[in-house]
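A look at the structure
Below are the chains, spelled out letter by letter.
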Number of protein chains: 2
Amino acid sequence: MHSTAANAELALLVEVAGTPKPGNVDRERDLADLRFEQFLAGAVGARPGLDACCDPNFGLGDGFERAVAGMSDRAETNTQFGALLVLAPLVRTAATGELSRDRVRDVVAATTVADAAAFYRAFDHVDVFVGDPPADAPELDVRRGSDAVPAVEDRGLTLADLMRDSADRDGVAAEWTTGFERTFAAADRIAAADGSLGERAADAFLALLAAEPDTLVAEKHGDDVAREVTDRAAELREDAAPCAPDRDAVTAFAEDLVARGVNPGTTADLTAGALFVALERYGVTP
Amino acid sequence: MHSTAANAELALLVEVAGTPKPGNVDRERDLADLRFEQFLAGAVGARPGLDACCDPNFGLGDGFERAVAGMSDRAETNTQFGALLVLAPLVRTAATGELSRDRVRDVVAATTVADAAAFYRAFDHVDVFVGDPPADAPELDVRRGSDAVPAVEDRGLTLADLMRDSADRDGVAAEWTTGFERTFAAADRIAAADGSLGERAADAFLALLAAEPDTLVAEKHGDDVAREVTDRAAELREDAAPCAPDRDAVTAFAEDLVARGVNPGTTADLTAGALFVALERYGVTP
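This write-up is about the structure you can find in this document. Residue numbers restart at each chain and count upward from 1, following the sequence in its written direction. Note on labels: chains are lettered from A, ligands numbered from 1, in written order. Local features in a predicted model are, by the rule used here, given only for residues with pLDDT of at least 70; side-chain atom pairs are given and counted only at 80 or more, and totals for whole chains, interfaces and linings are based on all residues. Just so you know, side-chain values use all the structure's heavy atoms and leave hydrogens and water out.

1. Some remarks on the overall build of chain A
- By the criteria applied, helices consist of DSSP H or I runs no shorter than four residues and strands consist of E runs no shorter than two, each listed in order from the N terminus. Scanning chain A for helices and strands turns up 15 helices and zero strands.
- Throughout, radius of gyration means the C-alpha value; the globule benchmark is 2.2 Å times the number of residues raised to the power 0.38. For a compact globule of 286 residues, the expected C-alpha radius of gyration is about 19 Å, and chain A comes in at 18 Å, within 12% of that figure.
- The C-alpha extent of chain A, read off along each of the three principal axes, is 55 × 40 × 35 Å.
- Each of the 286 residues in chain A was classed as buried or not, and the buried ones make up 60%.
- The contact criterion used throughout is that any non-hydrogen atoms of two residues lie within 4.5 Å. Nonlocal contacts in chain A, meaning residues at least 24 apart in sequence, comprise 71% of its contacts between residues at least 6 apart.
- As presented, chain A carries roughly 10,800 Å² of accessible surface, and 45% of it is formed by carbon and sulfur atoms.
- Charged-residue counts in this description rest on Lys and Arg as positive and Asp and Glu as negative, His and the chain ends being excluded. Where a charge lies is defined by one atom per residue type: Lys uses NZ, Arg uses CZ, Asp uses CG and Glu uses CD. Of the side chains in chain A, 27 bear a positive and 52 a negative charge, and the two mean positions are spaced by 3 Å. When accessible area is computed with a 1.4 Å probe and restricted to protein chains, residues below 20% of their type maximum are described as buried, those above 50% as exposed, and intermediate ones as partly exposed. To be clear on the numbers: accessible area is Shrake-Rupley with a 1.4 Å probe, and residue cover counts the displayed protein chains and nothing else.

2. Examining the side chain of Asp115(B)
All names here are of chain B.
- Note that Asp115 resides in helix H6 (residues 113-122).
- Of the side chains with opposite charge, Arg92 lies nearest to the buried Asp115, which makes no salt bridge, at 6.7 Å.
- Polar side-chain contacts of Asp115 include one of 2.9 Å to the backbone nitrogen of Gly61.
- Polar contact is defined as a pair of N or O atoms within 3.5 Å, subject to the rule that within protein one atom must be able to donate a hydrogen and the other to accept it, and that residues adjacent in sequence are counted only when both atoms are side-chain atoms. A distance of 2.9 Å separates a polar atom in the side chain of Asp115 from the backbone nitrogen of Thr112.
- Once you skip the residues sitting within four places of it in the chain, Asp115 turns out to touch Gly59, Leu60, Gly61, Ala110 and Leu159. Salt bridges are counted wherever a side-chain nitrogen of Lys or Arg sits within 4 Å of a carboxyl oxygen of Asp or Glu.

3. Re the pattern of salt bridges
- Within the structure shown, the criterion is met by 44 salt bridges over all chains.
- Put simply, Arg29(A) and Glu255(A) hold a salt bridge, and the shortest N to O gap is 3.5 Å. You can see Arg29(A) sitting in the loop between helix H1 (3-17) and helix H2 (36-54) and its partner Glu255(A) sitting in helix H14 (residues 247-260), a full 226 residues away along the chain.
- Residue class for Arg29(A) comes out buried when judged on its relative accessible area of 9%.
- Looking at Glu255(A), the relative accessible area reads 46%, which means it is partly exposed.
- Linking Arg232(B) and Asp256(B) is a salt bridge whose minimum nitrogen-to-oxygen distance equals 3.5 Å. Remark: Asp256(B) occurs in helix H14 (residues 247-260) and Arg232(B) occurs in helix H13 (residues 223-240); sequence separation between them is 24 residues.
- We classify Asp256(B) as partly exposed; its relative accessible area is 26%.

4. Focus: the interface of chain A and chain B
- In this complex, chain A contributes 32 residues to the contact, which on the side of chain B involves 32 residues.
- Joining two parts hides part of their accessible area as seen by a 1.4 Å probe, and the buried area is that hidden amount summed over both. Of the roughly 2,600 Å² buried at the junction of chain A and chain B (both faces included), carbon and sulfur atoms supply 60%.
- The shortest N-O distance in the salt bridge between Asp30(A) and Arg27(B) comes to 2.8 Å.
- For the interface between chain A and chain B, the tally reads 17 residue pairs in polar contact (both at pLDDT 80 or more).
- For the side of chain A that touches chain B, the leading source of residues is H2(A), giving nine residues.
- Just so you know the grouping, Ala, Val, Leu, Ile, Met, Phe, Trp, Tyr, Cys and Pro go in nonpolar, Asp, Glu, Lys and Arg go in charged, and all remaining residues, Gly too, go in polar. Among the residues forming the side of chain A that touches chain B, the class breakdown is 13 nonpolar, six polar and 13 charged.

5. Side note on the nonpolar core
- Residues Leu84(A), Phe119(A), Phe276(A), Leu84(B), Phe119(B) and Phe276(B) are the most contacted members of the largest nonpolar core, which totals 166 residues.
- Residues within four places of Phe119(B) in sequence aside, it is in contact with Phe64(B), Phe81(B), Leu85(B), Val142(B), Leu159(B), Leu162(B) and Met163(B). By convention a nonpolar core is built from buried Ala, Val, Leu, Ile, Met, Phe, Trp, Tyr and Cys residues, the set being connected through side-chain atoms within 4.5 Å.

6. A look at the packing of aromatic side chains
Residue and element names in this part refer to chain A.
- Stacked, edge-to-face and tilted are the three classes for Phe, Tyr and Trp ring pairs, Trp counted by its six-membered ring, which pair at centre distances within 6.5 Å; planes under 30 degrees apart are stacked, over 60 edge-to-face, the rest tilted. For the structure shown, the criterion picks out 15 aromatic pairs over all chains.
- Chaining the aromatic ring pairs together yields one cluster made of Phe64, Phe81, Phe119, Tyr120 and Phe123.
- Sitting over a ring, as applied to charges here, requires NZ of Lys or CZ of Arg to be within 6 Å of the ring centre and within 35 degrees of the ring normal. Between the NZ or CZ atom of Lys220 and the centre of the ring of Phe129, over which it lies, the distance is 5.2 Å.

7. As for unusual backbone geometry
All names here are of chain A.
- Of note, the bond from Thr19 into Pro20 is cis; its omega dihedral lies within 30 degrees of zero at -5°.
- In this structure, the amide linkage connecting Ala241 to the following residue, Pro242, adopts the cis form with an omega of 5°.
- Summarising the element assignment, Pro242 is placed in the loop between helix H13 (223-240) and H14.
- For Phe180, which is not glycine, the phi torsion reads 60° and is therefore positive.
- Residue Phe180 is classed as buried on the basis of its relative accessible area, which comes to 0%.

8. With respect to the packing of helix H2 (residues 36-54) of chain B against helix H3 (residues 60-75) of chain B
Residue and element names in this part refer to chain B.
- Relative to each other, H2 and H3 sit at 155°, their axes nearing to 7 Å. Regarding the angle of H2 to H3, the classification is roughly antiparallel. Once H2 is placed against H3, the crossing between them reads as right-handed. Contact with H2, carried on its side by Gln38, Ala41, Gly42, Gly45, Ala46, Pro48, Gly49, Leu50, Ala52 and Cys53, involves Leu60, Gly63, Phe64, Arg66, Ala67, Gly70, Met71, Arg74 and Ala75 of H3 and no other residues of that element.
- Looking at the contact of H2 with H3 residue by residue, the classes come out as eleven nonpolar, six polar and two charged. To get an axis, fit a line to the C-alpha atoms, keeping to the stretch in contact for a helix; angles then go from 0 to 180 degrees between the N-to-C directions. Comment on the angle field: the value is read as roughly parallel under 35 degrees, roughly antiparallel over 145, roughly perpendicular from 65 to 115, and oblique elsewhere. Left-handed describes a crossing whose near helix is turned anticlockwise from the far helix by less than a right angle; the clockwise case is right-handed.

9. Points about the relation of the copies chain A and chain B
- When the copies are superposed, the least-squares fit takes in the C-alpha atoms of residues with a pLDDT of at least 70 in both. When chain A is brought onto chain B, the operation consists of a screw motion whose angular component is 180° and whose axial shift is 0.0 Å, with 0.0 Å RMSD remaining. In symmetry terms, the pair is related by a two-fold rotation axis. For chain A, the smallest separation between a C-alpha atom and the rotation axis is recorded for Arg27(A), amounting to 3.0 Å.
- A shared binding surface is used by both copies, with 100% of the interface residues of chain A retained as interface residues in chain B.

What is shown is where atoms sit, not what they do.
Set out below in structure tokens:
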């Protein structure tokens, strides 16, 4: 029972509560196939794995796999796979010393082939939407789950290697390669803002979305849709600057995205990470 | 880390998410001095105490006190004191065998003076709204917190004794004396119903409120207001029978109660207990 793991669980809960978060499940909206309560259950179920991520004697990949398995078991679907992939190295970093970008880089650099194998095994527990693997490495398709572990081991790939190879098409993997640059910047924004933590999470989400196209949207709907969504988020923010965007306009955007099935899930994953950093590093409170 | 404690934490989370729950914080409404995010934090903070309630070598009162302290520390206010008082004996019962009304009666009967002392100490961690103590026992005023422990010990009062003495004016204490009759009946209703678990929680809340006046409302606003609220809940249900009450009508009721500061918090506490029984005994899922 570790207070760092409690902060990570709370970050998952506040992330899903933050509203409006266009295109995502939030306090005001469910999606056709994902309900708010399933996210609550997923966060509770992930807790033992988050506790394991705090323990430096426990493989980081194993902690992540345990978190995904617990989430999937409780939520009975995939609610927070990407968010847990953001949180795992941040939690390990915070539980073992200062939560700084330099130290999380060290945690990433220290990942092993065993961590990579556990990452693949995590896909056995849950259906995750992912794009096609690189044409030259079909045997590394994450959709193969644990069946791909021998190929990972043969090539001696660490979890950091896997993330580096996916960074150009996966916003979570990109964070692993930059010392979580966008996550920490969003945490600074949350810590500096006023309002309830849920409101601050929603504001951070919109700022992240306005800055870079969501990679889950790009994989599912193509680069043009991802760019259009980001442009729309940027426009909403620019039109209102220096004030916060008009809530009705953001709500209309949210309803449009939900109706079109466009779900910027990667941006929500980074928001969960930012909330964790804000809770753990800045001591923000709900 | 106990799956029974996880179910208790999830019950707290789904309880606050269930909407509309007239007069209470829910997925759609905050109160002036209580925010949704604080309930999320309170549930996470209560978890170590809920884990302790699972351990038969740990005093039940101590587990309850630890849960309240953790809740208060995270939420920075009182969010779920009453709900934890419902959950503590139910969690102990479930963690040690079958979760039946007979067995929870045994758990209640086994409480000690030490459990009563811990119950009083729990009031040190948080401001709880309570009515005046019996005129013949001012030294047992729970608002005295740990200062009242010597008086409790002098009289040899167990936690079951304290609950019996409050049962006529506190709906949670009443449940302790009846083997949690209303809680188990509401769990049956939740298990038998359709819809998301949050919707089923809201329906169970309204049924509980329609059946008996809320004792927190009675303490704060008088018996007449408590009766009026219950009559209104009953009317909404009767007008719609055999269908579910019209959601807009329940929402209007909710907004009226929030505007008047009328908060049927005891009924929400029983709803959290019912959700726990439904999760633990019937295996309902979100």
